[in-house]
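A closer look at the structure
Now for the letters of each chain:
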Amino acid sequence: AGLGTILGSMALATLVPRNLWAAAIKPDDGSALLVIDVQNCFLPGGSLAVKDGEQVVPVINKIAKSFANVVMTQDWHTPGHVSFASVHAGKKPFETIDLAYGKQVLWPDHCVQGTDGAALSKELAIPQAELIIRKGFHKDVDSYSAFTEADGKTTTGLGAYLTARKINRVFVAGLATDFCVAWTALDARKADFETFVVEDACRGIDTQGSLAKAWSDMDKAGVKRIQSSDIA
Ligand code: VGL
Ligand code: ZN
């Protein structure tokens, strides 16, 4: 950006109250809200509860009213899934192992297909949600991302769906910021979607510096970090 542009935006930021210029992002028919993994396992009492995870629900319910298009995801693992520490002898949750496709964090058993823990939160109130993408259902491959499994090549079909529906902007919210939200946002950028992460509509796990790394990776990839109050 040229000096004029920089000075211009500084003047704008100084003169115009934040609530008048920042709340300027208006979702249109080409926009979709992606609600990531708001499932009982990640909520209080769940086997992989994210700290303050329940606080995202009212925020997501509120912003969802601005979206004609909402897609939700469900982490949907087989029993004995490769991402579970319980299937690796001598390994504990939050340790890592090297798999054929790369480094894998090991988790407590969570989001097993058909269990109550895998169910979406009953507090979500988004009746217009048009698609639920399940992911992580291949026993030997994890999938944090809603677009592509952890092998880096198997697609969930979400990118093709959004493109077929002429959606080119995605707003990502849910759990957890540093895993499924971040990987989804990074893959959305790879597929050239304009990508926003709604920070106060997400909460992180934060293991071994994962939250700071996720924000830094997202920033480098051109993901736009916004707050729910920025959405008109
Ligand atoms: C997630 C860890 C394991 C997530 C899913 O939804 O962020 N994290 N499986
Ligand atoms: Zn999982």
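Please refer to the structure placed before this passage.
Quick look at the structure, then. These numbers were taken from a predicted model, which means no experiment stands behind them.

A separate point is the packing of helix α5 (residues 177-190) against helix α6 (residues 210-220). Running from N to C, α5 and α6 point in directions that differ by 10°, and their axes come no closer than 9 Å. The angle between α5 and α6 falls in the class roughly parallel. Handedness of the crossing formed by α5 with α6: left-handed. Contacts between α5 and α6 involve Thr177, Asp178, Ala182, Ala185 and Leu186 from the first element and Ser210, Leu211, Ala214, Asp217 and Met218 from the second.

A separate point is the pairing of strand β6 (residues 169-175). The buried fraction of β6 amounts to six of the seven residues, a majority that puts the element mostly inside the structure. Pairing of strand β1 (residues 31-36) with β6, which is carried by six bridges, proceeds in the parallel orientation. What sits directly across from Leu33, in β6, is Phe171. By the bridge criterion, six bridges tie β6 to strand β7 (residues 194-203) in an arrangement that is parallel. Bridged to Val172 within β7 is Val197.

Before going further, it helps to spend a moment on the sheet that holds β1. An order of β5-β2-β1-β6-β7-β8 is seen for the six strands of this open sheet, with the pairing classed as parallel. Pairing within the sheet leaves two strands with one partner each, and these edge strands are β5 (131-135) and β8 (224-226). The mean inter-strand angle of the sheet, taken between neighbouring strand axes irrespective of direction, is 25°. Against the sheet, helix α3 (residues 56-64) contacts β1, β2 (70-75), β6 and β7, and its axis sits at roughly 140° relative to β7. On top of the sheet, α5 reaches β1, β2, β6 and β7; it is set at about 170° to β7, its chief contact.

What counts and how
Residues numbered from 1 in each chain as written. Chains lettered and ligands numbered in written order. Predicted model: local features only at pLDDT ≥ 70, side-chain atom pairs only at ≥ 80, totals over all residues. Axes fitted to C-alpha atoms, helices over the stretch in contact; angles between N-to-C directions. Helix = DSSP H or I, 4+ residues; strand = E, 2+ residues; numbered from the N terminus. Parallel < 35°, antiparallel > 145°, perpendicular 65-115°, else oblique. Left-handed = near helix turned anticlockwise from the far one by under 90°. Contact = placed C-beta atoms within 7 Å. Buried ≥ 20, exposed ≤ 12 C-beta atoms within 10 Å, placed from the backbone. Pairing = 2+ DSSP bridges.

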